[in-house]
Amino acid sequence: MINVDKTPDEYNQMIQKYRQKKPKLVNLIFAFLVGGIICAIGEGIIQLLKAFGMNQDQAGPMATIILIFIGSFLTGIGVYDEIGQIGGAGAAVPVTGFANAIVSPAMEFRQEGWILGLGAKMYIVAGPVLTYGMVTAFLMGVLKIIFKF
């Protein structure tokens, strides 16, 4: 039987012995490439929408909506998690990463029902970001009205 009475230092040494080494430069390169590819796809969508007659002010938000849909769809079928494993922060930072942060908890808790599962848990990760974003936007609006800038 294995001796489980270890001090914290002994336990940390044991963890370090078996922990897989992460090559930081490789992770950095993959994050850069994955994030760049996602942004290039977004720019391609903007250029395609402009080719179909939209102006820049219309194409930008529409491309964002399309990227959110793509990120949500890929999360739903389990592909975006694989992209996130490869790209790390490169997959988490763009708007598709935000869509992934919304959909992942919803997918995890969908078996608990539409209300208590999907509805309640959908914003578990992104909820604080949305809340503070809306509060900040409200306060900035109030300041703009007060100081007329």
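Right above here is the structure, for reference.
Below: a short report on this structure. Owing to the predicted nature of the structure, the values given are computational and were not obtained by experimental measurement.

1. Focus: the overall build of the protein chain
Across its full length, the protein chain carries eight helices and zero strands. Along the protein chain, helices (α) and strands (β) appear in the sequence α-α-α-α-α-α-α-α when read from the amino end. Since a compact globule built from 149 residues should have a radius of gyration of about 15 Å, the 21 Å found for the protein chain marks it as more spread out than a globular shape. If one aligns the C-alpha atoms of the protein chain with their principal axes, the spans along those axes are about 70 × 40 × 35 Å. Scored against the burial criterion, the 149 residues of the protein chain give a buried share of 21%.

2. A closer look at the packing of aromatic side chains
Within this structure, the stated rule accounts for one aromatic pair. Between F69 and F73 the ring centres are 6.1 Å apart and the planes differ by 20 degrees, which places this aromatic pair in the stacked class. Note that F69 and F73 are positioned in helix 3 (residues 56–76) at a spacing of four residues, about one turn of the helix. Of the residues examined, F69 reaches a relative accessible area of 55% and is grouped as exposed. Assessed through its relative accessible area of 47%, F73 is described here as partly exposed.

3. Brief notes about helix 6 (residues 95–108)
For helix 6, with 14 residues, the first-to-last C-alpha span of 20 Å sits near the 20 Å given by 1.5 Å per residue. Taken residue by residue, helix 6 has T96, G97, A99, N100, A101, I102, V103, P105 and A106 as its buried positions. Packing partners of the buried residues in helix 6 comprise helix 2 (24–51), helix 3, helix 4 (79–87), helix 5 (89–92), helix 7 (114–121) and helix 8 (127–147).

4. Some remarks on the nonpolar core
Residues I45, I46, L49, A59, A63 and L67 constitute the largest nonpolar core, which totals six residues. Other than its neighbours up to four places away in sequence, L67 contacts I41, G42, I45, V95 and T96.

About the criteria used
- Residues numbered from 1 in each chain as written.
- Predicted model: local features only at pLDDT ≥ 70, side-chain atom pairs only at ≥ 80, totals over all residues.
- Heavy atoms only, no water.
- Helix = DSSP H or I, 4+ residues; strand = E, 2+ residues; numbered from the N terminus.
- Rg over C-alpha atoms; globule rule 2.2 N^0.38 Å.
- Buried < 20%, exposed > 50% of the residue type's maximum accessible area, 1.4 Å probe, protein only.
- Phe/Tyr/Trp six-rings, centres within 6.5 Å; stacked < 30°, edge-to-face > 60°.
- Expected span 1.5 Å × (residues − 1).
- Contact = heavy atoms within 4.5 Å.
- Core = buried A, V, L, I, M, F, W, Y, C linked by side-chain atoms within 4.5 Å.

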